[in-house]
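# An overview of the molecular structure
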Amino acid sequence: DRQWVLFTDADILHPTSSIGRLMSKAVTGDYDLVSVMVRLRARSFWEQLLFPPFTYFFQLIYPFKRASDPASGVAAAAGGCILVRRSFIEEIGGLDAIQSRLIDDVALARAVKKAGGRCWLGLDPDMSSIRTYVELPQIIRMVSRTAFEQLGYHYALVPLVLLALLVLVVGPPVLLIAAAAMLDPYVASAGLAAWLMQSAHFLAVVQYLGASSGFALTLPIAGILYGYMVVASVFRHLAGRDPSWREDIETESSGV
């Protein structure tokens, strides 16, 4: 259908019914942009440690229901798979309108929604990434290149994000360990309960990506690493090392 354009990464494995399912979602829901956050590969140790949290945090930053609600100001898309009505690409001024944005998928969704388009963002377990990340520096580079832009380049948000990660994500096991060291069973029990509740909530994402269930307990460790990546992203920006996605071939591979 020449009325629609599909953007997908070259490392995305699509089922044969992929386009049909995307079109069905667009037509039945009267959407102008349909995007799927594909299932990331979680096989190596670092993938299992960091990619379930990546998916988890993405859904916290961009709640799918709100992103799909035309009355909500939240707009987002996942660059691995985006089906968009051609008329809206023209309406927003073509892809030139977002070419300077590092997070061009979210920028596209925002532009379409601002132009009056209806957007949908969700999951599809049959659409998956086959890109492999074996080493930690690969993931650090991939996340740090865009993390500060996610915050709108607002320096004031950086300490708030770090504080939130520290208190909400890293805090429970730290509280447990500190209370146990001080022989305070009540505070230790509270820390353990908070950690287990966090892990139980996170477990669904871990299992969805096919990682070992034990990694549900490691969200605090991932939180520390993601906090480091946010700081690294800020220093990368200050050093003037913000590449466009076209220049960062190692971490991005796109196709239409």
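Not measured: the values here are computed from a predicted model.

A tally of helices and strands in the chain yields ten helices and six strands. Computed over the C-alpha atoms, the radius of gyration of the chain is 19 Å, within 12% of the 18 Å expected from 2.2 N^0.38 for a compact globule of 256 residues. Counting only C-alpha atoms, the chain reaches 70 × 40 × 35 Å along its principal axes. Contacts in the chain between residues at least 24 apart in sequence constitute 78% of all its contacts with a sequence separation of at least 6. Summed over its atoms, the accessible surface of the chain is roughly 13,000 Å², and 63% of this surface lies on carbon and sulfur atoms.

The residue Asp 30 is not glycine, and still its phi comes out positive at about 55°. Here the phi dihedral of Leu 183 falls at roughly 60°; this positive angle occurs in a residue that is not glycine. Assignment of secondary structure puts Leu 183 in the loop between helix H8 (157-181) and helix H9 (185-208). Exposure remark for Leu 183: the relative accessible area of 73% places this residue in the exposed category.

With that settled, consider a nonpolar patch on the surface. A cluster of nonpolar residues, Leu 163, Leu 166, Val 167 and Leu 168, forms a patch on the protein surface that exposes about 400 Å² of accessible area. Relative to the helices and strands, Leu 168 resides in helix H8.

The subject of this paragraph is the packing of aromatic side chains. Using the criterion set out here, one finds eleven aromatic pairs in the structure. Seen from their ring centres, Tyr 56 and Phe 57 are 6.0 Å apart, and the 55° between their planes marks the pair as tilted. For the pair shown, Tyr 56 and Phe 57 are each scored as buried. Ring-pair connections join several aromatic residues into one group, and the members of that group are Tyr 56, Phe 57, Phe 202 and Tyr 226.

Compared with the 28 Å implied by 1.5 Å per residue over 20 residues, the 29 Å span of helix H10 (residues 219-238) between its first and last C-alpha is a close match. Buried within H10 are the following residues: Leu 219, Pro 220, Ala 222, Gly 223, Leu 225, Tyr 226, Gly 227, Met 229, Val 230, Ser 233, Val 234 and Arg 236. Phi for Gly 240, located one or two positions after H10, is positive at around 75°.

What follows concerns the nonpolar core. Across soluble globular proteins, nonpolar side chains show a tendency to be buried alongside one another. Ranked by size, the top nonpolar core spans 33 residues in total, and within it Leu 50 and Met 229 carry the most contacts. The element best represented in this core is H10, accounting for seven residues. For Met 229, the contacting residues outside a window of four places in its chain are Leu 50, Ile 139, Ile 140, Val 143, Ser 144 and Ala 147. The next biggest cluster of nonpolar side chains, apart from the first, holds 16 residues, and it includes Val 5, Val 84, Ile 89 and Ile 98.

Glancing now at the pattern of salt bridges. What the rule picks out here adds up to six salt bridges. With a shortest N-O distance of 3.0 Å, Asp 126 and Arg 21 are connected by a salt bridge. Taken together, the residues span a long stretch of sequence, with Asp 126 in strand S5 (residues 119-129) and Arg 21 in helix H1 (residues 18-29) at a distance of 105 residues. Using a relative accessible area of 45% as the deciding quantity, one classes Asp 126 as partly exposed. For the salt bridge of Glu 149 with Arg 101, the shortest nitrogen-to-oxygen distance reads 3.1 Å. With Glu 149 in helix H7 (residues 147-150) and Arg 101 in the loop between helix H4 (86-91) and helix H5 (104-114), this residue pair connects regions lying 48 residues apart in the sequence. Judged by relative accessible area, Arg 101 falls into the partly exposed class, the value being 34%. Within the structure, one salt-bridge network assembled from shared partners comprises Arg 21, Asp 124 and Asp 126.

Along the chain, Ser 128 turns up in strand S5. Expressed as a C-alpha distance, the spacing of Ser 128 and Val 106, which sit 22 residues apart in the sequence, is 19 Å.

Packing of H8 against H10 leaves a shortest axis separation of 8 Å and a crossing angle of 165°. Here H10 runs roughly antiparallel to H8, going by the angle between their axes. Considering how the two elements wind past one another, H8 and H10 form a crossing that is left-handed. Residues Val 158, Leu 162, Leu 165, Val 169, Val 170 and Pro 173 of H8 touch H10, and the partners they reach there are Leu 219, Pro 220, Gly 223, Ile 224, Tyr 226, Gly 227, Val 230, Val 231 and Val 234. Split into classes, the residues belonging to the contact of H8 with H10 amount to 13 nonpolar, two polar and no charged.

Attention now goes to the pairing of strand S4 (residues 81-85). Taking burial as the measure, the five residues of S4 include five buried ones, the bulk of the element. As judged from the five bridges shared by strand S1 (residues 4-9) and S4, these two strands associate in the antiparallel manner. Paired with Leu 6 across the bridge in S4 is Leu 83. Examined bridge by bridge, strand S3 (residues 33-39) and S4 share three bridges and lie antiparallel to one another. Residue Leu 33 lies in a different strand from S4, and its bridge partner there is Val 84.

Each value, and the rule that gives it
- Positions within a chain are numbered from 1, following the residues in the order the chain's sequence is written.
- With pLDDT at 70 or above as the cut-off, local features in this predicted model cover only qualifying residues; side-chain atom pairs require 80 or more to be listed or tallied, and sums for whole chains, interfaces and linings still use all residues.
- The basis for every side-chain value is the complete set of non-hydrogen atoms in the structure, without hydrogens or water.
- A run of H or I in DSSP counts as a helix once it spans at least four residues, and a run of E counts as a strand once it spans at least two, with each numbered from the N terminus.
- As a reference, a globule follows 2.2 Å times the number of residues to the power 0.38, and the radius of gyration itself is taken over C-alpha atoms.
- Contacts are residue-level and defined by heavy atoms, with any inter-residue pair within 4.5 Å sufficient.
- With residues, only the protein chains shown are counted as cover, and all accessible areas are computed by Shrake-Rupley using a 1.4 Å probe.
- Using a 1.4 Å probe on the protein chains alone, a residue whose accessible area is under 20% of its type maximum counts as buried, one over 50% counts as exposed, and one in between counts as partly exposed.
- Each patch groups residues whose relative accessible area exceeds 30% and which form no salt bridge, using 9 Å between like charges and 5 Å between nonpolar side chains of Val, Leu, Ile, Met, Phe, Trp and Tyr.
- Salt bridges are identified by distance alone: a Lys or Arg side-chain nitrogen within 4 Å of an Asp or Glu carboxyl oxygen.
- Here the aromatic set is Phe, Tyr and Trp, taking the six-membered ring for Trp, and pairing holds for ring centres within 6.5 Å; pairs whose planes are under 30 degrees apart are stacked, those over 60 apart are edge-to-face, and all others are tilted.
- Helix span is expected to be 1.5 Å times the residue number reduced by one.
- Residues enter a nonpolar core if they are buried and are Ala, Val, Leu, Ile, Met, Phe, Trp, Tyr or Cys, with the set joined through side-chain atoms within 4.5 Å.
- In this description, a line fitted to the C-alpha atoms serves as the axis of each element, helices being fitted only across the stretch in contact, and the angle between N-to-C directions of two axes falls anywhere from 0 to 180 degrees.
- Roughly parallel refers to an angle under 35 degrees, roughly antiparallel to one over 145, roughly perpendicular to one between 65 and 115, and oblique to any angle outside these ranges.
- Note: crossing handedness is left-handed where the near helix turns anticlockwise from the far helix by less than a right angle, and right-handed where it turns clockwise.
- When residues are sorted by character, Ala, Val, Leu, Ile, Met, Phe, Trp, Tyr, Cys and Pro go into the nonpolar class, Asp, Glu, Lys and Arg into the charged class, and all the rest, Gly among them, into the polar class.
- Strands pair, by our definition, only if DSSP identifies at least two bridges between them.

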